[in-house]
Amino acid sequence: MNKKMMILPAAEATSIRLVRLPDDFDEREAYRFVTGLITRVEEADPDYEWEDIALLLEEHGFEAIDFILGPGLD
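What counts as what
- Residues numbered from 1 in each chain as written.
- Predicted model: local features only at pLDDT ≥ 70, side-chain atom pairs only at ≥ 80, totals over all residues.
- Heavy atoms only, no water.
- 1 Å grid on protein atoms, 1.4 Å probe; cavity = no way out; pocket = protein on both sides within 12 Å on 5 of 7 lines; lining within 4 Å.
- Points joined across faces, edges and corners; volume = space filled by probe spheres on them.
- Helix = DSSP H or I, 4+ residues; strand = E, 2+ residues; numbered from the N terminus.
- Nonpolar A, V, L, I, M, F, W, Y, C, P; charged D, E, K, R; others polar.
- Buried < 20%, exposed > 50% of the residue type's maximum accessible area, 1.4 Å probe, protein only.
- Contact = heavy atoms within 4.5 Å.
- Phe/Tyr/Trp six-rings, centres within 6.5 Å; stacked < 30°, edge-to-face > 60°.
- Core = buried A, V, L, I, M, F, W, Y, C linked by side-chain atoms within 4.5 Å.

A. Layout of the layout of surface pockets. By volume, the largest pocket is sized at about 380 Å³. Lining the largest pocket are 16 residues, and of these Leu 8, Pro 9, Ala 10, Ile 38 and Ile 53 sit closest to its centre. Among the elements of the structure, β1 (5-8), α1 (27-44) and α2 (50-59) are those that each provide at least two residues to the lining of the largest pocket. Per-element tally for the lining of the largest pocket: the top contributor is α1, with 5 residues. Split by residue class, the lining of the largest pocket holds 11 nonpolar, 2 polar and 3 charged.

Now the structure itself:
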């Protein structure tokens, strides 16, 4: 079972997301694929919400993971 995760960074800490990669994606391929999916959502609806992106990611085998944000590291 693949345990690779991807952090989707954001300017606001509350908007950071974590997703589990599907087993059949390597890291570089996943990065490019997710970038394309996010771009597709942004272009289709400038007023998109995270749920719009999460749904599309899930349709392609990615899984949104709940997490807590810990203290910052310097």
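B. Highlighting the environment of Val 19. In this fold, Val 19 is placed in strand β2 (residues 17-20). By relative accessible area, Val 19 is classed as buried at 1%. Each C-alpha atom of the pair Val 19 and Glu 49 lies 16 Å from the other, and the pair is 30 residues apart in sequence. Once residues within four sequence positions are removed from consideration, Val 19 is found in contact with Lys 4, Met 5, Met 6, Leu 8, Trp 50, Leu 57, Phe 62, Glu 63, Ala 64 and Ile 65.

C. Expanded view of the packing of aromatic side chains. Following the criterion strictly, the structure yields 3 aromatic pairs and no others. Note on Phe 33 and Phe 62: the rings are 6.1 Å apart at their centroids and 15 degrees apart in plane angle, and the pair reads as stacked. In this pair, Phe 33 is assigned in helix α1 and Phe 62 in the loop between α2 and β3 (63-65), connecting sequence segments 29 residues apart. Residue classification places Phe 33 among the partly exposed positions, given a relative accessible area of 28%.

D. Fine view of the nonpolar core. Grouped together as the largest cluster of nonpolar side chains are 16 residues, with contacts concentrated most on Met 6, Leu 8, Val 19, Val 34, Trp 50, Leu 57 and Phe 62. Secondary-structure elements contributing two or more residues to this core are β1, α1 and α2. If sequence neighbours within four positions are ignored, Leu 57 has contacts with Leu 8, Val 19, Val 34, Leu 37, Trp 50 and Phe 62.

So far we have only geometry, and geometry alone does not tell us how the molecule works.
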